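Analysis of the macromolecular model
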Amino acid sequence: MRDRKHIVTIFSLIVFVIIIGVIARLILKPDSFGEHGQYRWNAVSELQKQEIVNQNISTCAKCHDDIYQLHEKDAHFSVPCVDCHGAGNLHVLFHEGGDSAKQITKEQAALPKEYKLEGCLFCHKKLKARPSDFPQINQEDHYKFLNVPDLKTKCIECHSPHQPVFMLTAVREARIHPIVYRCTECHDKKPEQSFKEVAGHPAIFECNDCHPKIVKSFNERPHHKYIECRTCHLYHKENETTGRIYKNGNARFCLLCHEKKPFKDENYPPKIEWPSHVGNSNIITKSDEKICLNCHADRIHDMDVKIRANPHSSDWVSTHKNFAKVQLTVCQGCHTSNDCSSCHSKTKPVSHNQNWRKQHPSFGAKNQSTCEMCHKKDACMNCHKLSMPHPKGFEDNHKEVATQKGKAVCMNCHKEEFCKQCH
Amino acid sequence: MDTLSNYIFPNEFHITWTVMIVLYPYITGMVAGAFIVSSFYHVFNMEKLKTVARFALVSSLAFLLFATVPLLNHLGRPERAFYIMMTPNFSSAMSGFGFIYSFYMIIVVLEIWLSYRVEIIDKYNKSNGIVKFIYLVVLLGNANDNENTRRFDKRLVIALASFGIPVACILHGYVGFLFGSIKANPWWSTPLMFIIFIFSAIVSGLAVLIFLYQFVHWMRKRSIDQDCLDLMAKWLWGFMIIAVTLELMEVLSISYENTERWAILRQLIDGKLKLSYVYLQIGLFSIVPFIMLTITSLSKMKNTKVKNLTIWIASVMLLLQVLFMRWNVVIGGQLVSKSMRGFTEYFPGLWDKEGLIVSFLIILVPFVLLYLFDKVFPFFGEKSH
């Protein structure tokens with residue numbers, strides 16, 4: 001037995017260690033473990049008590065309202081601030097002040113502001129698994145299209161993260177439009193054949209089906225060689241039948257391709273210096289969002305002139321004379337001599353013929369700024385004794401206006417029969 | 001991100017199980033393989049393997065001690081590993097590994113303790129002071145050594161080794177089972193997986209022993225026990241044939257079934273894994289060592305230096321074969337998108353937490369441990385100067 005003692009000892013030791021392990025387990029097993037499954041039940045309430053670190057977008061908006069407004073309007077409206085800037089709890093506590101702020105350093109409170117290429121591509125890299133209507137790029141193709149040789153160029157050199165595509169219409173207010181398909185939603189590459197040439201192919205609605213005139217005019221202009229309708233008219237699918245479409249004529253949207261930047265090729269696509277392209281003086285209001293279309297709409301497709309606003313500042317009628325004396329060539333960039341003579345000739349404009357009295361209300365309603373180039377703002381008031389055209393809601397309170405100003409004011413334009421149509 | 005191809009879901013940009021999970025079955029395989037080699041001597045009385053029996057056993061322990069390190073590094077909170085013991089979940093496949101690992105550790109430590117007891121008593125008798133005390137603690141206060149104790153120890157070692165073989169197979173088969181039972185992964189989900197893992201484990205165990213045995217003897221300029229080496233080479237040849245055949249049979253089986261998964265797996269083998277699987281694992285590191293070991297095993301090579309060098313190179317190549325096999329299984333399986341229509345991409349960074357340098361260090365540490373053990377208890381007798 002003596003010679004087996006060491007064997008007994010080591011097995012006793014093993015048994016002892018196992019017993020110690022069992023006792024240790026009883027002592028160290030976390031409270032509430034196994035009450036409702038293979039986990040610590042108390043962990044649930046502990047997690048519930050944890051402070052929320054990710055800040056809500058409305059919290060950010062309290063201080064950064066300008067950015068919030070841009071963000072809410074544009075394509076990134078559904079991306080919360082924390083996705084790019086981090087949780088932000090320390091940032092908020094620090095700037096709110098109070099006792100808790102004292103323990104936070106400025107460095108801790110600072111939010112990351114660097115937008116890495118990979119950060120953007122995490123959502124926008126071209127992947128077949130993404131919904132086809134989701135904006136996504138093959139980086140190489142995208143840069144090649146824009147003639148940007150350096151693939152390390154950051155997205156923010158062109159796109160503002162808060163307003164990536166400079167939409168004119170707020171995303172949630174954009175027009176509902178029937179579904180617009182792209183060939184690449186089903187095909188790997190855009191087929192060379194039209195679907196009409198393929199027997200049995202499902203019918204696809206194309207832009208041309210509803211907007212033939214615009215598509216025809218687009219196909220006659222230079223842009224059609226390089227871009228398609230949806231390049232500018234961004235389409236956001238909302239369900240299987242409809243989505244929202246954007247009439248993006250924002251100057252900054254045009255500048256995404258056409259602004260000169262050191263990292264872009266100089267020749268293609270055609271580029272301009274911005275904002276010097278529109279002059280260094282205040283001849284054109286640079287805040288006008290559709291400023292490019294004022295002169296270059298004909299490079300895209302036929303457009304309703306209504307979308308074009310007067311690009312000049314409000315005091316331009318009185319100040320343009322001095323400007324034209326010195327820099328007439330700048331004016332001639334957009335205007336012909338006929339434009340000058342339309343106001344400055346002693347004769348009336350051709351449009352002001354014998355029918356003009358009848359026609360001017362509808363023209364004035366649409367082109368008030370054009371009238372104001374010659375006529376003073378109160379010109380309407382001189383004849384009509386009312387601000388014209390009738391403001392919104394006039395129909396509801398016209399009875400009071402007629403009582404106050406007298407029925408004769410109405411009769412300047414309307415006949416007695418006009419009242420009888422309703423009364 | 002540049003080489004993602006076809007239909008990939010956004011959450012598949014980065015794979016979850018990195019090179020650390022490649023190392024984990026690789027090291028575990030060497031544990032099981034080395035132990036089985038030691039059992040050839042202890043249980044099956046292959047006297048020719050006596051030279052490497054204890055070396056194999058200690059190698060097994062050295063690798064065993066570090067088998068979980070890649071996992072702990074990967075998970076990032078090593079202290080939580082003890083929760084497997086504190087809050088055991090007997091229905092979890094992962095925690096099952098923890099129990100088998102612990103049980104196997106007891107067997108190996110016990111076997112080594114009994115195998116080295118005579119040497120420890122000898123060191124105890126020759127040492128003084130604190131060192132003597134340490135030896136006494138290791139001996140559990142009992143330095144009794146005679147014919148009877150040696151006989152009892154030997155019997156117990158045989159019993160433990162016999163018991164250890166199935167446990168070693170379960171340990172490594174279990175790692176294969178973890179992959180093979182993941183039915184959502186078309187590249188892993190096969191009942192053959194754990195059998196392949198066991199055989200590749202024996203191959204890697206034999207290969208690492210041949211590699212180290214020759215390497216140590218060349219460094220020390222000592223003569224090699226040719227019979228022992230030849231036998232190990234023959235076993236290596238035999239087991240590698242089975243392992244590689246099983247690996248190919250698995251692919252053949254998937255290919256012949258021609259179910260929907262083959263469409264993507266064919267692209268995987270012919271695309272992302274073409275280099276690591278077709279050219280390296282099968283082409284270079286399976287066929288070439290097979291030819292080399294066939295020659296050394298079947299022909300009567302008179303030039304033992306050339307023969308031994310051939311065996312050594314074959315063992316290194318087979319070590320790499322098994323490493324590539326682990327890589328192709330673990331990483332290859334994750335490269336396939338759950339859409340079954342696309343692939344992601346992965347290659348570890350050099351200095352990453354789970355990168356190449358860390359991987360190399362984790363692989364290196366068991367060898368350093370073996371070196372230190374050899375300093376105290378030389379595996380192949382005292383050094384000749």
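In what follows, the accompanying structure is described.

Calculation criteria
Residues numbered from 1 in each chain as written. Chains lettered and ligands numbered in written order. Predicted model: local features only at pLDDT ≥ 70, side-chain atom pairs only at ≥ 80, totals over all residues. Helix = DSSP H or I, 4+ residues; strand = E, 2+ residues; numbered from the N terminus. Rg over C-alpha atoms; globule rule 2.2 N^0.38 Å. Buried ≥ 20, exposed ≤ 12 C-beta atoms within 10 Å, placed from the backbone. Contact = placed C-beta atoms within 7 Å. Axes fitted to C-alpha atoms, helices over the stretch in contact; angles between N-to-C directions. Parallel < 35°, antiparallel > 145°, perpendicular 65-115°, else oblique. Nonpolar A, V, L, I, M, F, W, Y, C, P; charged D, E, K, R; others polar. Pairing = 2+ DSSP bridges. Core = buried A, V, L, I, M, F, W, Y, C linked by C-beta atoms within 7 Å.

Let's shift gears to the overall build of chain A. Summing up its helical and strand segments, chain A has 24 helices and three strands in all. The C-alpha radius of gyration computed for chain A amounts to 34 Å, which surpasses the reference 22 Å derived for 423 residues by more than 25%, pointing to a less compact arrangement than a globule. Each of the three principal axes of chain A carries a C-alpha extent, and together these read 135 × 60 × 55 Å. Within chain A, the fraction of its 423 residues that count as buried is 9%. Within chain A, contacts between residues separated by at least 24 positions form 60% of all contacts whose residues are at least 6 apart in sequence.

When helices and strands are tallied, chain B shows 14 helices and two strands. For chain B, the C-alpha radius of gyration of 22 Å lies close to 21 Å, the compact-globule estimate for 385 residues. Dimensions along the principal axes, computed over C-alpha positions, put chain B at roughly 70 × 60 × 35 Å. Within the span of chain B, comprising 385 residues, buried residues form 41% of the whole. Sequence separation of at least 24 residues holds for 78% of the intrachain contacts in chain B that already meet a minimum separation of 6.

Glancing now at the interface of chain B and chain A. With 23 residues of chain B in contact, the opposing surface of chain A contributes 23 residues. Tallying contributions element by element places helix 8 (residues 147–180) of chain B first for the side of chain B that touches chain A, with four residues.

Okay, unusual backbone geometry next. Despite not being glycine, A:Asn147 shows a phi value in the positive range, around 60°. Residue placement: A:Asn147 occurs in the loop between helix 10 (139–145) and strand 1 (175–178). A positive phi angle, near 60°, is found at B:Leu140, a position not held by glycine. Residue placement: B:Leu140 occurs in the loop between helix 7 (129–138) and helix 8.

Further remarks concern the packing of helix 1 (residues 19–42) of chain B against helix 9 (residues 192–219) of chain B. Residue and element names in this part refer to chain B. Helix 9 packs onto helix 1 with a crossing angle of 75° between their chain directions and a minimal axis gap of 6 Å. Between helix 1 and helix 9, the crossing angle belongs to the class labelled roughly perpendicular. For the pair formed by helix 1 and helix 9, the contact residues are Pro25, Gly29, Met30, Ala32, Gly33, Ala34, Ile36 and Val37 on the first element and Phe197, Ser200, Ala201, Ile202, Val203, Ser204, Gly205, Leu206, Val208 and Leu209 on the second. Tallied by class, residues from the contact of helix 1 with helix 9 come to 13 nonpolar, five polar and no charged.

Bringing the environment of B:Ile198 into the picture now. Residues and elements named next belong to chain B. Summarising the element assignment, Ile198 is placed in helix 9. The exposure class of Ile198 is buried, given the 27 C-beta atoms found within 10 Å. When the C-alpha positions of Ile198 and Ile170 are compared, they lie 8.3 Å apart, and in sequence the two are 28 residues distant. In this structure Ile198 touches Cys169, His172, Gly173 and Gly176, once residues within four positions along its chain are discounted.

All names here are of chain A. Spatially, three strands are ordered 1-3-2 in an open sheet, and the strand pairing comes out antiparallel. Each edge of the open sheet is held by one strand with a lone partner, namely strand 1 and strand 2 (235–237). When strand polarity is set aside, the average angle formed by the axes of neighbouring strands in this sheet is 40°. As paired strands, strand 2 and strand 3 (residues 242–245) are joined by three bridges and run antiparallel to one another. For Lys237, the partnering residue across the bridge sits in strand 3 and is Gly243.

The next subject is the nonpolar core. Residues B:Val203, B:Leu206, B:Leu209, B:Ile210 and B:Leu236 are the most contacted members of the largest nonpolar core, which totals 104 residues. Excluding residues that lie within four positions of it along the chain, B:Val203 makes contacts with B:Gly33, B:Leu236, B:Phe239, B:Met240, B:Ala243, B:Leu318 and B:Val322. By size, the runner-up hydrophobic cluster in this structure holds 12 residues, among which are A:Val165, A:Phe253, A:Cys254 and A:Leu293.

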